[in-house]
Amino acid sequence: MRYFFLLCALFVALTGCKKDKEPLNEQEAKELQVLGWAQTGDNNILPALWTEQRQLNFLPIRNDAHYKMNFVHKVDGEHIYFGLEDVHSPASSKAIMWKGTAKTILSEKTLNLAQQERINSWSVNPITNDIYILAADLGNFYYYTISNDGNSVARTAINVGAHGIPVYIQAIGPDIHLLTVTQVYSDQVTEGKTIIRHLKNDVLYATYEIALNEEEYLWNNLQIGSAYIENNQCHLLAVADQSLEYFYLQLSKNAPVVQRPFQTEGYTPAFGAETGSISSAQGVFENGRFYVAAKKDARDLACLVIDVKPATPTTSKVVLEAPAGHTTYTATRTYKYGEDLYLSGVANDFGVYWKNGKLVVPDKNGLNMSRIAHISFQ
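What counts, and at which threshold
- Residues numbered from 1 in each chain as written.
- Predicted model: local features only at pLDDT ≥ 70, side-chain atom pairs only at ≥ 80, totals over all residues.
- Heavy atoms only, no water.
- Helix = DSSP H or I, 4+ residues; strand = E, 2+ residues; numbered from the N terminus.
- Contact = heavy atoms within 4.5 Å.
- Pairing = 2+ DSSP bridges.
- Axes fitted to C-alpha atoms, helices over the stretch in contact; angles between N-to-C directions.
- Salt bridge = Lys/Arg side-chain N within 4 Å of Asp/Glu carboxyl O.
- Buried < 20%, exposed > 50% of the residue type's maximum accessible area, 1.4 Å probe, protein only.

Q: I'm lost on the environment of Ala-293 in this one. Help?
A: For Ala-293, the position within the fold is in strand E25 (residues 289-297). The spatial distance from the C-alpha of Ala-293 to the C-alpha of Thr-330 is 8.8 Å, given a sequence separation of 37 residues. Excluding its chain neighbours within four sequence positions, the residues that come into contact with Ala-293 are Thr-268, Pro-269, Ala-270, Ala-302, Ala-331, Thr-332, Arg-333, Thr-334 and Leu-343.

Following this line, the structure appears as structure tokens:
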């Protein structure tokens, strides 16, 4: 069970939306949207949506439910939002989607809170604009496909094999890529290995085995972090969870696995961070560089920039502002839009984000707690 939770937290590699070079007119103007949820004084957990200037009114919701928001994307002039809806009594949980103000229930069944559906990864096809949501419940793995107009939803089961866990989905044109991870270990031998399977259009495209020799009974599970697929080549960051050795992996069909260690400058990348059954730790891959949220202590945070093009990957950092107004900071997810770098996280119990290292606290209403799940610029 421990390995399930470690592996399901995936850093989905998001590519940045490039800003137009020409000035935008008022109709085309893009706006930063910060999506999350906030807890009120009576412990209701409500959807929340902020911009850089104001908090926005949100969607029609049930009064007897808690909400944990997940992802936002704009299609045909309307925003599509995803999240989890937990009804108080009788206790049930389900994944939901709003298109504008119309709600669609994605889950085929409702589960109690302990068994609730998990949303682990997502991808927007840059060519078709279809949306893919990687999810799981009770050991079942599948992905939702939402059409580019938001009017059609399909669910596809994933065959991961024995003990496999799907950790990443990426859609590119007609191709849907999935990465699954299986840990092989035994008390009878002193060698463990990680098997990574690359599925392309639901068919096994390539299998990669990575052995990790350890001391007897000390098993080093390779936990996958940021991922990106380019020209059928997989770029991954990973950590061996016992020894805390960090690796860059390059996986190509019919080619040896490239496995290179990289340094973290004493910081711990946000591998495995979760918020309310939504995988929140992730990074960006762009032009051969990974951008990953990381932390050294309560007030020392950074975005690590890991350049994997050299034979020995190099690491630099962007320091994140952490003023004394809060005692503890954590950064979990990275976004890159044009030249602007955003990271979301928490300061004490409040959702915050950083823009190019500068701290922004969007919740001005003094609620008990708020969380940020996704930052978009559209």
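Q: Could you clarify how one ought to interpret the sheet that holds strand E8 (residues 102-105) in this entry?
A: Backbone hydrogen bonds hold the strands of a sheet together, and the pairing may be parallel or antiparallel. Spatial ordering of the open sheet is given by E5-E6-E7-E8, a layout of four strands whose pairing is antiparallel. At either end of the open sheet lies a strand with only one pairing partner, and these are strand E5 (65-75) and E8. Here the average twist between neighbouring strands, direction ignored, is 25°.

Q: Would you explain the pattern of salt bridges in this entry?
A: Opposite charge on two side chains makes pairing possible when the charged atoms of those side chains draw close. According to the stated counting rule, one finds six salt bridges in the structure shown. A salt bridge links Arg-62 to Asp-64, with the nearest nitrogen and oxygen atoms 2.9 Å apart. Look at Arg-62 and you get partly exposed, because its relative accessible area is 35%. Notably, a salt bridge pairs Lys-103 with Glu-85, separated by 3.0 Å at the nearest N-O pair. Linking Lys-103 in strand E8 with Glu-85 in strand E6 (residues 78-87), this pair joins segments that are 18 residues apart in sequence. Its relative accessible area of 37% is what places Lys-103 among the partly exposed residues. Residue Glu-85 is classed as buried on the basis of its relative accessible area of 0%.

In short, geometric facts, not functional conclusions.
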